[in-house]
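Listed below are the residues making up each chain.
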Amino acid sequence: MSTDPMAEIKASFFVECDELLESLQDALTDMDEGNYDSETINVVFRAVHSIKGGAGAFGLDALVAFAHRYETVMDEVRSGRLEIDHDSLKLFFHTADFLADQVSAARDGLPEPDGSEACLQELEALMGDALPAPVEEDVSDFQPMGLSLDLGITDAEFGDFGLPSLDDGASENDAAWSLTFTPSDALYASGNDPAHLLRTLRELGDVTVRCDLTALPEFDALDTPQSYLSWHATLPGELDESDIREVFDFVEDVCTLELTRETQTTPEADDNLSLADLAPQVEAPPNSVAPTDIVPTEPPESEPNNTAPADNPAAAPAPVTPPLKGAPQANATAEPGATVRVDLERIDRLVNLVGELVINQAMLAQSVAEAGLPQNSKVMTGLEAFMMLTRDIQDSVMMIRAQPVKPLFQRMGRIVREASAAVAKEVRLRTEGEATEVDKTVIERLADPLTHMIRNAVDHGLETPDIREAAGKPREGVITLSAQHRSGRVVIEITDDGAGINRKKVLEKAISKGLVPPEANLSDGEIDNLLFLPGFSTADQISALSGRGVGMDVVRSSIQALGGRIAITSEPGKGTRFSISLPLTLAVLDGMVINVAGETLVVPLSAIIETATLTSDDIRSLGPQTNVIHVRGDFVPLYDLGAELGYRAPKSSYEGGIVLLTAQDDGERSALVVDAIMEQRQVVIKGLQQSYGHIPGVAAATILGDGQIALILDPADLVQNASGRTRGFDIALAG
Amino acid sequence: MTENTNKKTSASEVELLSFRLGEEEYSVDIMSVREIRGWTRATPLPHAPDFVRGVINLRGTVLPVVDLSVRLGMAPVMGDARNVIIVVQMGAQTAGLLVDAVSDILNLPRTDLQPPPDLAADSAHSYISALTIVEGRMIRVLDLASVLPEDAVEAA
């Protein structure tokens, strides 16, 4: 199956669909923020249109039908016949979600999602009587050309050409259309045939086409892959501009297309943007190019490059193309730079190899150090440069895996829409820092916890519109999702402007569930953190959204599995903020190298808050087997790392011992006794899961400079699985 | 293992790598052997069964090492320069087997292999898939699947 070229093309079509859906979401969000300009509307239209076109080529009829009806409505918006307001936008969002479902249904061969028909009908109801008869043959038209999607032809520059069509007023001018169509080399290279396009054009009505051969060089000078020909066509004035442009839909970025009224259009007929676009044409009307040959309605049958050469080479296209070329560039600023699609496996291989390089470099450094060479020797300086280079390569390779969080945030937009509809609240999602880049794996594994937290924010965080109004807040609640880089980590925050955590209720609940002793005296922060306890749920009633038994404890453990931390802050009446801090990558980690019972171990630096040497005053015996240490007024449980890992028996005295004070995200602290602290360094993470399996208290392994494997500890897991755990609850909270 | 054998050697022949554990001689199908390495100190794993010696660095991958002597109920291999680690692969799992020494590569007709007699008193015999006699010595053919620390993988 993998060799099936069609499957490959199809796969890339779906990748493209994802991109289109993303830009669709973007544009809708833009519109939601009050930006109704024609460019934005056009992006929406184009995205839907391109999906339809591609889907047609693969015979995905359900998707085509859906996209077509969506497109029809969008076309009404584009032409200004349909006003956009808040409600219709909501519907557009909703339909976009369904479109995404349709795409994934088509990709996975699933049945059509439920409710799409209802959604479409609702959407079409917006148009009222203005619904134009759907153009059925329209769809079949796409089939032969839709294939070109795979050849790198995108709709990137449509906006630069498509805008003039927006103004309906212009089409009332019935002067004949004059069309100049100049294919570029790329048009031929991508397998398009001008003859086909022109034939389609002729189907529109009474069309006259002339071929312009002025650019054709002498036969000897003819470079066959080059494009020399252009065509001038005159079309009846009653044709709709968008219909004409539709013919060239799939080639528009590989050709130069000029469409003007024979008599100059009156300025008021164009909106501002189209005026700017048309200006060059006014200066250089297509007629200024002297045609040397006239081909009535039919382009040459043979490949145009092979036709007999004419004189006057190269001069003709010059005045036409340059001004138009300038326009797309000016507008193309929003377009991303050139990108390459690479198989993830290859990148992972590269990441692994760079990991090897780092280890090798460390081994080399160690053996050079052992050789006792002077510091200023050539080997030493060379090694230093090598070290820096390695670090740079490592950083760059990690960057490849990094992806913006934007698609993730967009998914959350949908969650908000669905969740708010389910509980009848008005919610707006604001996103900040969408361009922030995070490791791909982190993004993938963040989706579930984030979904859960967003749902929580809608369901529990925000009040109902009536209560909000009574509290003097706008009816519409706002959830802000932000991402930013902060000191080598990524911080993602989910903030709502709801009522904040009802601490009294939380505490009562915790007491009634036996999670906290009734007499406990907890600070605000401690109460907030109770939300993360397993088996805690404040919702009195099980709503459509929550109460399904998945709590914040699951969210916290999945964040922790990513090496992240989660914190909560809340202000009554103002709202709640969840803050997730994540490492940039899962492949490298800053760790403290320690020694316990002759074994070298690595503790993630992010888990350590401080290190200390114990004095006899610090250590207090809690039970016969357990100790706590006294750190600035707090009691922290003591764990002997050597004993916990089974390397040796517990020591009789820990006086003078070195402890690492580690903190978990709930603020719970623990002290780990180690024998020695060796150094602090960056280590490459090697999974143990695949080769051996999970070991309690061990997160992964790494390879040290001497080629030996060292285990990377997971202090939180270690403490949880610790043998001598006899702490009382109040001590845990005292941290 | 058997698949490999069928593909790479003729159906009637079997190629075995034989090695020594204490005074006894064992062997594994050579098609499942990836390489043989000299002894390196393994990093012990906490909470691991006693026959798991630890993990070693095999060119950048973490390789669990099984002390075959302990696995078969004998005294642990000493762990010095004369000992070797046989790196074997079973499906997706790769592991090292710590043995006293590698002795020979044997080419045998498949018919020379005979199933081990059913002796319930000896726990080690469940790790043996066949027996054969070469030059008067009895050689046990290991059942790799039962030797590797699969329990740990399943528990994960």
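Residues numbered from 1 in each chain as written. Chains lettered and ligands numbered in written order. Predicted model: local features only at pLDDT ≥ 70, side-chain atom pairs only at ≥ 80, totals over all residues.

A. The arrangement of the overall build of chain B in detail. Scanning chain B for helices and strands turns up 4 helices and 10 strands. Helices and strands appear in chain B in the N-to-C order α-β-β-β-β-β-α-β-β-β-β-β-α-α. Buried positions account for 33% of the 156 residues belonging to chain B. Partitioning the contacts of chain B with sequence separation of at least 6, the portion at a separation of at least 24 is 55%. (Helix = DSSP H or I, 4+ residues; strand = E, 2+ residues; numbered from the N terminus. Buried ≥ 20, exposed ≤ 12 C-beta atoms within 10 Å, placed from the backbone. Contact = placed C-beta atoms within 7 Å.)

B. Quick look at the overall build of chain A. What chain A contains, in helices and strands, is 24 helices and 22 strands. Taking all 735 residues of chain A together, the buried fraction comes to 37%.

C. Representation of the nonpolar core. One finds V55(B), V66(B) and L97(B) to be the most contacted residues of the largest nonpolar core, which totals 82 residues. Looking at this core, you find at least three residues from each of domain 3 (344-403) and domain 5 (588-734) of chain A. Core analysis: the second largest hydrophobic core is formed by 41 residues, A483(A), I492(A), A510(A) and I559(A) among them. (Core = buried A, V, L, I, M, F, W, Y, C linked by C-beta atoms within 7 Å. Domains from an automatic or database assignment.)

D. Representation of the pairing of strand β2 (residues 24-29) of chain B. Residues and elements named next belong to chain B. Of the pairings in the sheet, the one linking strand β1 (residues 13-21) to β2 comprises 6 bridges and is antiparallel in character. Each residue of the ladder has a partner; that of F19, found in β2, is Y26. Taken together, the 2 bridges between β2 and strand β10 (residues 137-142) define a ladder with parallel strand orientation. Bridge pairing in β10 places Y26 opposite R140. (Pairing = 2+ DSSP bridges.)

E. Up close: the pairing of strand β8 (residues 477-486) of chain A. Across 6 bridges, the pairing between strand β6 (residues 427-432) of chain A and β8(A) is parallel. Of the residues in β8(A), the one forming a bridge with R430(A) is T480(A).

F. Representation of the interface of chain B and chain A in the model. Each side of the interface is counted separately: chain B has 19 residues, and chain A has 24 residues. Sorting the residues of the side of chain B that touches chain A by element identifies β4 (52-58), β5 (61-67) and α4 (150-155) of chain B as the ones contributing at least two each. Broken down by element, the residue count for the side of chain B that touches chain A peaks at 4 residues, all from β5(B). Across the side of chain B that touches chain A, the residue classes break down as 13 nonpolar, 6 polar and no charged. (Nonpolar A, V, L, I, M, F, W, Y, C, P; charged D, E, K, R; others polar.)

G. Quick peek at the environment of K505(A). Residues and elements named next belong to chain A. With respect to the helices and strands, K505 occurs in helix α19 (residues 503-512). Judged by C-beta crowding, with 12 C-beta atoms within 10 Å, K505 ranks as exposed. The spatial distance from the C-alpha of K505 to the C-alpha of I527 is 9.9 Å, given a sequence separation of 22 residues.

H. Spatial organisation of unusual backbone geometry. Of note, the phi angle at A424(A) is positive, near 55°, even though the residue is not glycine. Turning to its location among the elements, A424(A) is positioned in the loop between α16 (406-423) and β6. A count of 8 C-beta atoms within 10 Å places A424(A) in the exposed class. Phi at E135(B) is positive, roughly 50°, even though this residue is not glycine. Along the chain, E135(B) turns up in the loop between β9 (128-134) and β10.

I. The arrangement of the packing of α16(A) against helix α17 (residues 440-461) of chain A in detail. All names here are of chain A. Relative to each other, α16 and α17 sit at 30°, their axes nearing to 9 Å. Put simply, α16 runs roughly parallel to α17. Of the two elements, α16 crosses α17, and the hand of that crossing is right-handed. Residues L408, R411, M412, I415, V416, A419, S420 and V423 of α16 touch α17, and the partners they reach there are I443, L446, A447, L450, T451, I454, R455, V458 and D459. Along the lines of polarity and charge, the residues of the contact of α16 with α17 split into 12 nonpolar, 2 polar and 3 charged. (Axes fitted to C-alpha atoms, helices over the stretch in contact; angles between N-to-C directions. Parallel < 35°, antiparallel > 145°, perpendicular 65-115°, else oblique. Left-handed = near helix turned anticlockwise from the far one by under 90°.)

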